[in-house]
Amino acid sequence: MSTRTNPYQEFHQDCFNAAKAWGEQLPQGLHWLNAERQLGLEQFEQMQLPTRKTESWKYTPIAAIVQGNILQLKSAADKANAEGIKGDFYTVTLLNGELQSAPEIEDAALNVVPFANASDEQQNLIKAHLNKTFGFQDHPFAALNASTLQDGVLIHIKADSKPLKPVQIVHANGSGDEGFSSHNRVLIVVERGAKGTVLETFLDIASKVQMRNVISEIFLAENSHLTHYALNSESEQHIHTGAVFVEQQAGSQFVEHNFATGGALKRRDIQIKLLGPQADCKLYGAYLIGGQSHVDYHTAIDHVAPHCTSEEVFKGIVTDQGKAVFNGRIHIHRDAQQSNANMSNKNLLLTNTAEVNTKPELEIYADDVKCAHGATVGQLDEMSLYYFQTRGISKADAHRMLSHAFIETVLDEMDIETVHEHVQQSAEQFYQHCQDCAK
Amino acid sequence: MATPENSVDKYIKREYEAGFITDIESDALEPGLNEDVIRFISAKKNEPEFMLNWRLKAYREWQQMEEPEWAHVHYPKIDYNDIIYYSAPKSQKDGPKSLDEVDPELLKTYEKLGIPLHERAALAGVAVDAVFDSVSVATTFKEKLADAGVIFCSISEAVQNHPELVEKYLGSVVPTRDNFFASLNSAVFSDGSFVYIPKGVRCPMELSTYFRINAAKTGQFERTLIIADEGSYVSYLEGCTAPMRDENQLHAAVVELVALEGAEIKYSTVQNWYPGDEEGRGGIYNFVTKRGLCAGAHSKISWTQVETGSAITWKYPSVILRGDHSVGEFYSVALTNNLQQADTGTKMIHMGKNTKSTIISKGISAGRSDASYRGLVRVGPKAENARNYTQCDSLLIGDKCGAHTFPYIESKNNSAVVEHEATTSKVSDEQLFLCRQRGIDAERAVSMIVNGFCKEVFKELPMEFAVEAGKLLEVSLEGSVG
């Protein structure tokens, strides 16, 4: 046996062993997923964990994961009750990666099924779509997720129909359990002409370091429509590696809302492939980063077919010792003429100890296209602050109001009232925190 | 309303006008690289010991390094042992003291290029330090510059006559282990230009070097060092053409600029090396490291480049803004046609307070070429009130080419403002239609539109260069209407 000196290699091997052992003790009912799990395991074994020299992880060291001792996959913690956003939703709760509660859904337009309970027909649907939207090389933690596949959730919206309520998936955890990681999986299949909304809410109430590695795969058939929310509000020591992989067929529309606060390390990859003409996607993101939090959004939009449009707006406020990373990539393929793509990333950097690294990329191989991107890093305008003060508004209040105005344009795009209120509250708390820091 | 195919073909297939080989016997080494080759080069140039040690150190560092692969370019692996590292025109041995003594073959070469050295020098008031292959053969206007106290000579001469300046500044901006190509250059550089502007002097004329690669299979490793002492000003022009040939040639130059307190350096380049033929055969590999250091407060370094040549361009003229209130600028037009690949951009490293940088980059791709902008703007935690504005626009002509943008922005200071904007567009049918309605043919219209697209950069060029740059674009682009 070779001497193991590199902690990354050691961690990689330990992860592999844990995932392998995990797969072997799974109940009989999930054996139909063995092939996928095995594939993930093989892929994970072959790849190397990213280091600072890996271009897509250049600004996001995974030391917190390696040192986090998060190998344990089975939770012994108390089943604390975690609640998602209150509202009129069909709510499914995954606690520590295991299905805790699923509603009785009597909606002809919709099936929400845990993988474990899938019928033969649904098993075939799952197998036809699972792990199809991404290459394992794209994301080291996607392979790890695939190798520990267990309680996934399938959301199936039927052709030409619209569910009565949005579906909310709450990814929650218990309060104990140090060194625990859960690998959750969501699969959303939207059939031709269907229209739906899915929320994913990420909560963390543990006082110890835990990691959640969530992969969501989304398929939009012709002329379908999906609005997807990813709302992260976790504690300061939480580690999140998540990815959303989307495939869009002709005429489909996809809207994604991202909101993030807190978290020791949060890395989200959003990859969208526009495969049919007239497909359209809109991506919105807001991140409010303080303390020692680190957030990293990597987005990639592939215009494969002609006549597609994409719009992307990410805004962030970074304070204390927070670090924000944004990497947006728009790739216009050779035949994707008449593409229209816009991307913008704007950041407010409020302290000298905080850091923003942004990289909006364009890769264009077709000539009849309109593409633009922009990125800014700056602070609140002194003149605006002064203007407020001349009107008798304190500097702190002016600060809060201007910060709010800066982020609000992104939050306003959220079309569910209760969700909008929820993120507004989180944002308010953050502005308050910024204000306290400024004093 | 498509332009007739044949006119497009006619222009696209236009032969490289500066392509010919001058037949001069070269005093060349056998291909290959080892410590003996470096000792040979150093001995041949009669260098002091510190230079030999510096070269050997660079060579040993280079051996530890790997060729970078991150750039958006593709080319067959280079065999560094199949390159001739030293070649001097034979007639140089005794050292010509005036133009009369220069090999007439050489002068003819310049004439074919439309650069009659003496005339141009006399008429335009430009001092030309012409680099023909690896050794400087003619330097004009030396006396006039000497009166102002300006030192403008080849770097080999500088090593002999001003070793203290060379030892102090060589490698101070681009260290020997900076990157693969810079290390190689440090080990084997043959010649280049050296400029020193003393305190408070405004250089009385624009300095210029014409580079030209000749002798087949000769990698050219230029080294340029420009030092502007406190309160001085210099504008430096660099332009290049190369003869046509079928084998790829490596060009790994290093340019270092040092601006002390209150000094200003303006560095302009028109690069028109042989880009290879329609199938991408031949052409120059242009792997260049250019970097300026704003060492003192209120100093300024401005890079302007028009890149139309080379099969592969890998070039990032950068500025380190160390002095408070220092200013860095980068204006670039990069045009690629046929199978050319360009990965170019800049780095602005803000370290001092109130530092400012501006980046304007225009990429034009036609044919089956790829042009990438790759830039870095880094604001350090101490760079209070740093300000950057970046604009990079791409224009695509034809549906087989690519245009890419990779801007890195790293900010660690809350009083800094960094802005980046980029757009991609094509010459639209509406624009062409408007011009043609007014009696302007499509070729001319495209040329006008492209010139308009590049105007912001051209206006930064010195007059005579702006004319040349405009012409270059016209030649390369006319007829590319889609």
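Here the structure is a predicted model, which is why all the values come from computation and not from measurement.

Q: What is the right way to look at the overall build of chain B in this model?
A: Counting its secondary structure elements, chain B contains twelve helices and 24 strands. Relative to its 482 residues, chain B shows a buried fraction of 63%. Here the analysis covers contacts within chain B between residues at least 6 apart in sequence; of these, 85% occur between residues at least 24 apart. If you sum the accessible surface of chain B, you get close to 18200 Å²; carbon and sulfur atoms cover 49% of it.

Q: Sorry, what's going on with the overall build of chain A here?
A: A tally of helices and strands in chain A yields eight helices and 19 strands. By residue count, 62% of the 439 residues in chain A fall in the buried class. Counting contacts in chain A only where the partners sit at least 6 residues apart, residues at least 24 apart contribute 85% of the total. Put simply, chain A shows about 16800 Å² of open surface, and 47% of that area lies on carbon and sulfur atoms. The averaged location of the 54 negative side-chain charges in chain A is 3 Å from the averaged location of its 35 positive side-chain charges.

Q: What is the right way to read unusual backbone geometry from this model?
A: The general pattern is negative phi for most residues beyond glycine and trans for most peptide bonds. Residue and element names in this part refer to chain B. One non-glycine residue, Asn 46, lies in positive phi territory at about 55°. Examined against the element boundaries, Asn 46 turns out to sit in the loop between α2 (35–44) and α3 (49–64). Although it is not a glycine, His 298 adopts a positive phi angle of roughly 60°. Position of His 298 among the secondary structure elements: in the loop between β13 (284–294) and β14 (300–307).

Q: What exactly am I supposed to notice about the interface of chain B and chain A here?
A: Size of an interface, as often reported, equals the accessible area lost when the parts are brought together. With 34 residues of chain B at the interface, the matching set in chain A holds 35 residues. Taken together, the two surfaces of chain B and chain A that pack against each other cover about 2800 Å², and 45% of this comes from carbon and sulfur. Counting the contacts that link chain B with chain A gives two salt bridges. As a salt-bridge pair, Asp 368 of chain A and Lys 426 of chain B come within 3.9 Å of each other at their nearest N and O atoms. The interface formed by chain B and chain A contains 22 residue pairs in polar contact (both at pLDDT 80 or more). For the side of chain B that touches chain A, the secondary structure elements donating two or more residues are β23 (402–411) and β24 (417–426) of chain B. When its residues are assigned to classes, the side of chain B that touches chain A shows twelve nonpolar, 13 polar and nine charged.

Q: Would you mind going over a positive patch on the surface with me for this structure?
A: Side chains of Arg 52, Lys 53 and Lys 58 of chain A together with Lys 347 of chain B sit close together on the surface and give a patch of like positive charge. Classification of Lys 58 of chain A by relative accessible area gives partly exposed; the value is 32%.

Q: I would appreciate a short explanation of a negative patch on the surface in the present structure.
A: All names here are of chain A. Residues Glu 311, Asp 412, Glu 413 and Asp 415 make up a contiguous surface patch of negative charge. Along the chain, the position of Asp 415 falls in the loop between α7 (395–411) and α8 (417–438). Asp 415 sits in the exposed class, given a relative accessible area of 58%.

Q: Please clarify how the nonpolar core should be interpreted in this entry.
A: Among the nonpolar cores identified, the biggest contains 94 residues, and Ile 155, Leu 226, Tyr 287 and Ile 332 of chain A together with Leu 207 of chain B are the most heavily contacted of them. Excluding residues that lie within four positions of it along the chain, Tyr 287 of chain A makes contacts with Ala 260, Val 295, Tyr 297, Phe 314, Lys 315, Gly 316, Ile 317, Ala 324, Phe 326, Asn 345 and Asn 347 of chain A. In this structure, Val 73, Val 159, Val 166 and Phe 221 of chain B belong to the second largest nonpolar core, which totals 59 residues.

Q: What's the story with the state of the cysteines in this structure? I'm lost.
A: Disulfides are covalent bonds that link the sulfur atoms of two cysteine residues. Residues and elements named next belong to chain A. Throughout the structure, instances matching the rule amount to zero disulfides over all chains. Cys 308 supplies the cysteine sulfur nearest to Cys 281, a cysteine that is in no disulfide, at a spacing of 8.6 Å. Among the cysteines around Cys 371, which has no disulfide bond, Cys 308 carries the closest sulfur, lying 12 Å off.

Q: I would appreciate a short explanation of the pattern of salt bridges in the present structure.
A: A side chain with one charge can pair with a side chain of the opposite charge if their charged atoms come near. Residue and element names in this part refer to chain A. Enumeration according to the criterion identifies 36 salt bridges over all chains in this entry. Asp 269 is the salt-bridge partner of Arg 267, the closest N and O atoms lying 2.7 Å from each other. You'll find Arg 267 and Asp 269 in the same group, each marked buried. A cluster of three or more residues bridged by salt bridges with shared partners is formed by Glu 55, Lys 359 and Glu 361.

Q: What is the right way to look at the environment of Phe 287 of chain B in this model?
A: Residue and element names in this part refer to chain B. Within the secondary structure layout, Phe 287 lies in strand β13. For Phe 287, a relative accessible area of 1% translates into the label buried. Between the C-alpha atom of Phe 287 and that of Val 446, which follows or precedes it by 159 residues, the distance is 30 Å. Non-local contacts of Phe 287, meaning those with residues more than four positions away in its chain, are made with Tyr 75, Ile 78, Phe 181, Leu 250, His 251, Ala 252, Ala 253, Ile 312 and Trp 314.

Q: I'm lost on the confidence of the model for chain B in this one. Help?
A: Where the model shows low pLDDT, its predicted coordinates should not be examined in detail. All names here are of chain B. With 76% of its residues at a pLDDT of 70 or more, chain B shows a mean pLDDT of 79. A low-confidence stretch, residues 90–97 (pLDDT under 50), is modelled with eleven contacts involving residues beyond four sequence positions or located in other chains. This stretch, residues 115–127, has a pLDDT under 50; its non-local contacts, to residues over four places away or in other chains, come to 34 contacts.

Q: Where do I start with the pairing of strand β18 (residues 355–364) of chain A in this structure?
A: A regular strand places its side chains so that they alternate between the two faces of the sheet. Across the ten residues of β18 of chain A, ten count as buried, placing the element largely inside the fold. Covered by surrounding structure in β18 of chain A are Glu 355, Asn 357, Lys 359, Glu 361 and Glu 363 of chain A together with Val 356, Thr 358, Pro 360, Leu 362 and Ile 364 of chain A, the residues of both alternating faces. Note that strand β16 (residues 323–332) of chain A and β18 of chain A share ten bridges and pair parallel. Bridging from a neighbouring strand, Ala 324 of chain A pairs with Val 356 of chain A of β18 of chain A. Of the strand pairs in this sheet, β18 of chain A and β23 of chain B are connected by six bridges, and their pairing is antiparallel. For Ile 364 of chain A, the partnering residue across the bridge sits in β23 of chain B and is Ala 403 of chain B.

Q: Please clarify how the environment of Pro 61 of chain A should be interpreted in this entry.
A: Residues and elements named next belong to chain A. Tracing the chain through its elements places Pro 61 in the loop between α2 (34–46) and α3 (63–67). According to the relative accessible area criterion, Pro 61 is partly exposed, its value standing at 47%. Put simply, Pro 61 and Gln 435 are 374 residues apart on the chain and 29 Å apart in space, counted from C-alpha to C-alpha. If we ignore the near neighbours within four places in the chain, the residues touching Pro 61 are Leu 265 and His 294.

Q: What's the story with helix α9 (residues 180–188) of chain B in this structure? I'm lost.
A: An α-helix turns once every 3.6 residues. As a result, residues three or four positions apart point the same way. Residue and element names in this part refer to chain B. For α9, the tally of buried residues reaches nine of nine residues, placing the bulk of the element in the interior. Buried residues of α9: Phe 180, Phe 181, Ala 182, Ser 183, Leu 184, Asn 185, Ser 186, Ala 187 and Val 188, and no others. Looking at where α9 begins, the residue whose side-chain oxygen comes 2.9 Å from the main-chain nitrogen of Phe 181 is Asn 179.

Q: In this structure, what is going on with the packing of helix α10 (residues 429–437) of chain B against helix α11 (residues 442–458) of chain B? I would like to understand it.
A: Between two packed helices, what matters for the description is the angle formed by their axes and the separation of those axes. Residue and element names in this part refer to chain B. Running from amino to carboxyl end, α10 crosses α11 at an angle of 120°, the nearest separation of the two axes being 9 Å. In terms of orientation, α10 and α11 fall into the oblique class. As α10 runs across α11, the sense of the crossing is right-handed. For the pair α10 and α11, the contacting residues are Gln 431, Leu 432, Cys 435 and Arg 436 in the first and Ala 442, Ala 445, Val 446 and Ile 449 in the second. Of the residues that constitute the contact of α10 with α11, the class distribution is six nonpolar, one polar and one charged.

So, how was this worked out
- Residues numbered from 1 in each chain as written.
- Chains lettered and ligands numbered in written order.
- Predicted model: local features only at pLDDT ≥ 70, side-chain atom pairs only at ≥ 80, totals over all residues.
- Heavy atoms only, no water.
- Helix = DSSP H or I, 4+ residues; strand = E, 2+ residues; numbered from the N terminus.
- Buried < 20%, exposed > 50% of the residue type's maximum accessible area, 1.4 Å probe, protein only.
- Contact = heavy atoms within 4.5 Å.
- Areas by Shrake-Rupley, 256 points an atom, 1.4 Å probe, with all protein chains shown as cover.
- Lys, Arg positive; Asp, Glu negative; His and termini not counted.
- Charge placed at Lys NZ, Arg CZ, Asp CG, Glu CD.
- Buried area = accessible area lost by both parts, 1.4 Å probe.
- Salt bridge = Lys/Arg side-chain N within 4 Å of Asp/Glu carboxyl O.
- Polar contact = N/O pair within 3.5 Å; in protein donor to acceptor, adjacent residues only side chain to side chain.
- Nonpolar A, V, L, I, M, F, W, Y, C, P; charged D, E, K, R; others polar.
- Patch = residues over 30% accessible without salt bridge, like charges linked within 9 Å, V, L, I, M, F, W, Y side chains within 5 Å.
- Core = buried A, V, L, I, M, F, W, Y, C linked by side-chain atoms within 4.5 Å.
- Disulfide = S-S within 2.5 Å.
- pLDDT = per-residue confidence, 0-100.
- Pairing = 2+ DSSP bridges.
- Axes fitted to C-alpha atoms, helices over the stretch in contact; angles between N-to-C directions.
- Parallel < 35°, antiparallel > 145°, perpendicular 65-115°, else oblique.
- Left-handed = near helix turned anticlockwise from the far one by under 90°.

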